[in-house]
Structures are given as C-alpha cells and as structure tokens.
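Here's the letter readout for the chains.
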Amino acid sequence: MITFLPNQSTAVLPPRGARPGPTQQSSAASHPAKSAGVAAATRSVRSIFISDVHLGLRHAQVGRLLEFLNDHAPEHLYLVGDFIDARVLHMHPYWPPIYDRLLNRLAELADEGTAIHYTPGNHDDYLRHADWPEIAESGDVTVSEEFLHETVDGRRVVVLHGDQFDKVERRAHWLSMIGTFLYTLLLTADRAINRVLKWLRMKPRRISRYLKQTTKRVVQWVSGFKGKVRQHACSNDCDVIVCGHIHIPTVRRLSPTSDRPGAKRPLYFNLGDWVENATAMVEYGNGELELIDFDHADRIPPASTTTRSQATDQLTPRAAAIKRHLFTGMG
C-alpha cells in the first residue's frame, strides 16, 4: 500500500479518481464569488499538512487530530515527518485503539481519492532505509524525502521534515536520543504537576513546552537552521517551504540569500506538532494557505459536506496493510 520514492523532490500528481466535495469545488474557487454558496466553496480544504504527531508517545493529541480528519476529505494529505515515533516505541511500546482508528481514517481517505504523502523525519527515519520496492502494492501512501506540491493558484510548495538542517541531529545522534528520553519524562511530570494545579484552581504551567522550544531555538542557532531553510527554498525556486521538526508553529517571509539578492522571498511555514501544540496548515479551495491553531476554535475550517468518517477501532484490511507497511523496517 506504499510507494517509496528515492531522495528527490517529487512533483505531486492530481489525486486518483474524482469524488464529491473539495475536489469538485476547487475549480469553482478560481472564479470570482457570485453568491454565498460559491464563497463557501472557496473555503473548502484542498490540502492538509501535519507534522510531528509522534504516535507512540502517550501525550500525543491523537483524538484532536482524528476529529479534524474526520470532518475533512482533502485532495492531498501530507504527513510531514515524525508521524510515528519509533524511538519511543522502542523504549516503551504503546499503541492504544485510537491509533488504529486514525489509520482506519487514512484508509478511508485513500478510498475516497485522497493522495497521502509521507516524508520521514528523525523519529521515523527507518522509512528512509526500508526496501520499499519489494513491499509496495499500490499508491495509497507515497513516501519520499521531499515533495513538490502545486497550489490551486500555481504556487510551488516544497515539503520536507527539516531534520536535514539540524546539525545536532546529523552529527550528535546520541545526544538527540538522550533528549528524546528526557523530554518524555518531562512531559509526564508536566502533566502530573498540572493536574495538581488544576485541583488547586491555579493556572496550568507548560514547563515542557517552554523547555522544548528553548532547546529547539538553541539547536536552530547552532545549526544555522534558518539560513539552511532559506538556501533550500531559494535553490528550489519555490514560493513556499513547509517543514516540521522544530515544534514551533511559525509563518514568516524569508529574505533572499546574499548571493541571490534579487530572488523571490518565499513564505516559510513550520507546522508545529501534535504534542505540545495542535497545529496544521491547510490549503483552501482557492489556493489560500493558513496555519491553523486548534486551541482557537474560531480558526478551524468548517467541516466538509461529505459523509463523516465511519472509522472504528477495528482495523480494516486496507488500514492493516498501511500499518504493516509503515512499520516495515523499524526493527
């Protein structure tokens, strides 16, 4: 059920098969709105980009992600790295029923024609080394180091996890492994402290998020992360570059590199995560891109008019195949 593509920028093709909803509404969105119905169509979600779900980590907000995916049937779904947390699963295997429900939803989306794209990160980098040609059966999920997505309005979007720009991850892997272990302990302690604070009717403290983001900012500075993102965006002549890895939701305009002062200034989106945050980027039916924070309900896109998910905890054959293939090579 997986198609693996070698380490290269991969152009995204149109989704397989037509279906009602966003697929048909996208073409209408390119025309000026003439009625409330047409205006609503331009807000349909064409593409969804999420990263750093960390399945296997007990504190992952899978329920909130599943609720969002149950309400939408996009043409494209991007899983931008660390969807599965192999490091944590090796230390403490954890796979509750809601994870299988999420995989069932992915299988439903594939049935409906959603093209699912998966770019591995540092916590699921075993996917970069798996012998995919021997196990691929169809194109339900396409795995590649990097994707090139084109929006409805013709903008080029480069999509990759971003650990490629992390010097600590690349040159001190052992330090990153220790950090993963300590962060897991800190999350557990943080939740326990906040339960006590809630009982005392005191404001919760997000100690783990503060320390995580502080650490990531230090790593960005040491690695020259921002400069490498800018260089990669310019070398790909893209309008938008989308990453995960840093766990800090970000939208900003990149400045051109010193050697190409006249180059375009692409937008940089960091998708955040689904542990400390609950954030995703969406492309609407008119090509507009927006980073959604699910802690602010007024910014959540309206639900699709398509039939809601019927996913249950019992894996369907298609979902079971996706799960089997996604874990191939983990060891």
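1. With respect to unusual backbone geometry
Negative phi values dominate among residues other than glycine, just as trans dominates among peptide bonds.
Right, on to step 1. Backbone geometry at His-54 places phi at a positive 60°, although glycine is not the residue there.
Right, on to step 2. Counting through the fold element by element, His-54 comes out in the loop between strand 3 (45-50) and helix 3 (62-70).
Right, on to step 3. Given the relative accessible area of 4%, His-54 is considered buried.

2. Quick word on the state of the cysteines
Right, on to step 1. Scanning all chains against the criterion turns up 0 disulfides.
Right, on to step 2. Distance from the sulfur of Cys-243, which forms no disulfide, to the nearest cysteine sulfur (Cys-238) is 9.4 Å.

3. Details of the packing of helix 3 against helix 5 (residues 97-112)
Right, on to step 1. For the pair helix 3 and helix 5, the least separation of the axes is 10 Å and the interaxial angle reads 25°. Considered as vectors, helix 3 and helix 5 are oriented roughly parallel to each other. For helix 3 against helix 5, the interelement crossing comes out left-handed. Seen from helix 3, the contacting residues are Val-62, Gly-63, Leu-65, Leu-66, Leu-69 and Asn-70; seen from helix 5, they are Ile-98, Tyr-99, Arg-101, Leu-102 and Arg-105.
Right, on to step 2. Within the contact of helix 3 with helix 5, the residues separate by chemical class into 7 nonpolar, 2 polar and 2 charged.

4. A few points about helix 5
Right, on to step 1. Taking 1.5 Å as the rise per residue, helix 5 with 16 residues should run 22 Å; its terminal C-alpha atoms sit 23 Å apart, in good agreement.
Right, on to step 2. Taken together, the buried positions of helix 5 are Tyr-99, Asp-100, Leu-102, Leu-103, Asn-104, Arg-105, Leu-106, Ala-107, Glu-108, Leu-109 and Ala-110.
Right, on to step 3. Its buried side turned inward, helix 5 meets helix 3, strand 4 (76-79), strand 5 (115-118) and helix 10 (317-327).
Right, on to step 4. Gly-113 lies just past helix 5 and shows a positive phi near 105°.

5. Observations regarding the confidence of the model for the protein
Right, on to step 1. Residues at a pLDDT of 70 or more form 61% of the protein, whose mean pLDDT is 75.
Right, on to step 2. Here helix 1 (residues 22-29) stands out as the least confident element of the protein, with mean pLDDT 34; strand 4 is the most confident, with 96.
Right, on to step 3. Low pLDDT, under 50, characterises residues 16-42; the stretch is placed with 36 contacts to residues that sit more than four places away or in other chains.
Right, on to step 4. This model gives residues 134-138 a pLDDT under 50, and the stretch forms 12 contacts once residues within four places in sequence are excluded.

6. Observations regarding the environment of Ala-115
Right, on to step 1. Along the chain, Ala-115 turns up in strand 5.
Right, on to step 2. Relative accessible area serves as the criterion here: at 5%, Ala-115 is assigned to the buried category.
Right, on to step 3. Taking the C-alpha atoms as reference points, Ala-115 and Val-141, separated by 26 residues in sequence, lie 7.1 Å from one another.

7. What to know about helix 10
Right, on to step 1. Taken residue by residue, helix 10 has Ala-319, Ala-321, Ile-322, His-325 and Leu-326 as its buried positions. Across the axial projection of helix 10, the buried residues extend over an arc of 160°, all falling on one side.
Right, on to step 2. Count one or two residues on from helix 10 and you reach Gly-329, which has phi positive near 100°.

The rules behind the values
Along every chain, residues carry numbers that run from 1 in the direction the sequence is written. Totals for whole chains, interfaces and linings use every residue, but because this is a predicted model, local features are given only for residues with pLDDT of at least 70 and side-chain atom pairs only at 80 or more, for both listing and counting. In computing side-chain properties, one takes all heavy atoms of the structure into account and sets aside hydrogens as well as water. Helix and strand definitions here come from DSSP, where helices need a minimum of 4 consecutive H or I residues and strands a minimum of 2 consecutive E residues; each element is numbered from the N-terminal end. Exposure is judged per residue with a 1.4 Å probe applied to protein chains only, and the accessible area is read against the type maximum: over 50% gives exposed, under 20% gives buried, and values in between give partly exposed. Here, two cysteine sulfur atoms that lie within 2.5 Å of each other are counted as a disulfide. Axis geometry follows a simple rule: fit a line to the C-alpha atoms, using only the stretch in contact for helices, then measure angles between N-to-C directions, giving values from 0 to 180 degrees. Relative orientations are named as follows: roughly parallel for angles under 35 degrees, roughly antiparallel for angles over 145 degrees, roughly perpendicular for angles from 65 to 115 degrees, and oblique for any other angle. A crossing counts as left-handed when the near helix is turned anticlockwise from the far one by less than a right angle, and as right-handed when that turn is clockwise. Any pair of residues with heavy atoms lying within 4.5 Å of one another is described as a contacting pair. Note on residue classes: Ala, Val, Leu, Ile, Met, Phe, Trp, Tyr, Cys and Pro are nonpolar, Asp, Glu, Lys and Arg are charged, and everything else, Gly too, is polar. To estimate the expected span of a helix, subtract one from its residue number and multiply by 1.5 Å. Each residue carries a pLDDT score, the predictor's own confidence in it, on a scale running from 0 to 100. The arc in question is the one spanned by the directions pointing from the helix axis to the C-beta atoms.

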